[in-house]
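Tertiary structure, described
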Amino acid sequence: MGGTIEIPGEVRAAFTGELIAPADPGYEQARRVHNGLIDKRPVLIARCRTVPDIVDAVTIGREQAAEISVRGGGHNVAGLAVTDGGLMIDLAPMKGIRIDPARRTIWAQAGATWKELNRAAAVHGLATTGGVVSSTGIAGLTLGGGEGWLMGKYGLTVDNLLAVEVVTADGQVIMASAEHHPDLFWALSPGGHGLRRDGRPSRQPGTRGARLLPRPHPGGPRRADRVHEPVR
C-alpha cells in the first residue's frame, strides 16, 4: 500500500480520462488547487471523464492506495481534494449539465462550477442557492451544506438536493435519494463527511422545502417548482 500504484493494462486501455503519474507532463498543474499554499503530491492522479472511469479509479485505490482523495472544484481551503502519497480522483473534467425546462430540473456532474451551472440555468430563467464565489465546485459546496445569496429564502444548497449518483467503495454505482437508499442519501448530507460521491447530484428545491428562484422574465416572474443538479 502507498509508494507506487500499478495500473492494470486493461484499465489503462479502457480509461477515457487521464492517468497522470509524477513524471508525466501536466502533473504539476493537475495537483494544484485553489489554495496555492497546498503542496501535496499524489502518487497517481486519475482525471475521470465517465462513471466507468470513476469505478476503475476507486477499484485501483481500494486495492493499492494508502489514501484516496476526491476533487470536484478543488476549492476547499484545507486542500482535502489532494492526497499526499495516495490516489487523487479528479472529477474536474466531468462538467455535463442538462436542463429540463418543463420540469424545472437540472442534472449536473461533479466537476461543474457554480458559474457554469448558473449560466446554464439562467438561459431558462432558473437559479438555485449556490456558492458566492463562482469558481467554487457544485459538489463540495452541496455536500458541505452550501451557503449562497438565495439561502435566506430558499434554504441551503443541500436542502435542494434530490438525488445523488454514487460510486461506492466497492465499485457499485447507486442512485441515492429519499426513496432509494435513503440511509446513504442521509449520510451524504453535511453530517456524513468522509463519504464520497461520483458525479451527478440532482437538486429539487420544491420537494425539500426550497424552490428555484428564476431570474426576471419578460412575461413576469415564474415560480420554479423543481431543480435537479454533483458532486463526487
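Calculation notes
- Residues numbered from 1 in each chain as written.
- Predicted model: local features only at pLDDT ≥ 70, side-chain atom pairs only at ≥ 80, totals over all residues.
- Heavy atoms only, no water.
- Helix = DSSP H or I, 4+ residues; strand = E, 2+ residues; numbered from the N terminus.
- Buried < 20%, exposed > 50% of the residue type's maximum accessible area, 1.4 Å probe, protein only.
- Areas by Shrake-Rupley, 256 points an atom, 1.4 Å probe, with all protein chains shown as cover.
- Pairing = 2+ DSSP bridges.
- Core = buried A, V, L, I, M, F, W, Y, C linked by side-chain atoms within 4.5 Å.
- Contact = heavy atoms within 4.5 Å.
- Axes fitted to C-alpha atoms, helices over the stretch in contact; angles between N-to-C directions.
- Arc of directions from axis to C-beta.
- pLDDT = per-residue confidence, 0-100.

A word on the overall build of the protein. Counting its regular elements, the protein contains seven helices and nine strands. Considering the protein as a whole, with its 232 residues, one finds that 51% of them fall into the buried category. Accessible surface for the protein amounts to roughly 11,000 Å². Of this, 54% is attributable to carbon and sulfur atoms.

As a further point, take the pairing of strand β5 (residues 97–100). Here β5 runs beside strand β6 (residues 105–108); their pairing, made up of four bridges, is antiparallel. Following the sheet pairing, Ile-99 is matched in β6 by Ile-106.

Judged by nonpolar contacts, the single largest core of 24 residues is most densely connected at Ile-5, Ala-46, Cys-48, Ile-54, Leu-87, Ile-89 and Leu-91. Taken together, the elements giving at least two residues each to this core come down to β2 (44–47), α3 (51–64) and β4 (87–90). At six residues, α3 tops the list of elements feeding residues into this core. When residues no more than four places from it in sequence are discounted, the contact partners of Ala-46 are Phe-15, Glu-18, Leu-19, Ala-57, Leu-87, Met-88, Ile-89 and Asp-90.

With that settled, consider the sheet that holds strand β3 (residues 68–71). One open sheet accounts for four strands, arranged β1-β2-β4-β3; its pairing is mixed. Whereas interior strands pair on both sides, the edge strands pair on one side only; in this sheet they are β1 (18–20) and β3. When strand polarity is set aside, the average angle formed by the axes of neighbouring strands in this sheet is 15 degrees. By the bridge criterion, three bridges tie β1 to β2 in an arrangement that is antiparallel. Opposite Glu-18, over in β2, you have Arg-47 as the bridge partner.

We now examine unusual backbone geometry. Residue Arg-104 is not a glycine yet carries a positive backbone phi of 55 degrees. Relative to the elements of secondary structure, Arg-104 occurs in the loop between β5 and β6. Unlike most non-glycine residues, His-181 shows phi in positive territory, near 50 degrees. Examined against the element boundaries, His-181 turns out to sit in the loop between β8 (173–177) and α7 (182–187). Residue His-181 is classed as partly exposed on the basis of its relative accessible area of 40%.

This part takes up helix α4 (residues 114–122). Those residues of α4 lying buried are Trp-114, Leu-117 and Ala-121. Viewed along the axis of α4, the buried residues span an arc of 65 degrees, placing them on a single side of the element. Opposite the packed face of α4, turned more than 90 degrees from it, sit the exposed residues Lys-115 and Arg-119.

Looking at the protein, pLDDT values average 82 and 81% of them are 70 or higher. Strand β9 (residues 200–203) is the least confidently modelled element of the protein, averaging 48 in pLDDT, while β2 averages 98, the highest of any element. Within the model, the stretch residues 192–232 combines pLDDT values under 50 with 172 contacts to residues more than four positions away or in other chains.

This brings us to the environment of Ile-97. Along the chain, Ile-97 turns up in strand β5. Residues Ile-97 and Ala-108, eleven residues apart in the sequence, show an inter-C-alpha distance of 4.2 Å. Residues in contact with Ile-97, not counting those within four places in the same chain, are Ile-106, Trp-107, Ala-108, Ala-112, Glu-116, Leu-117 and Ala-120.

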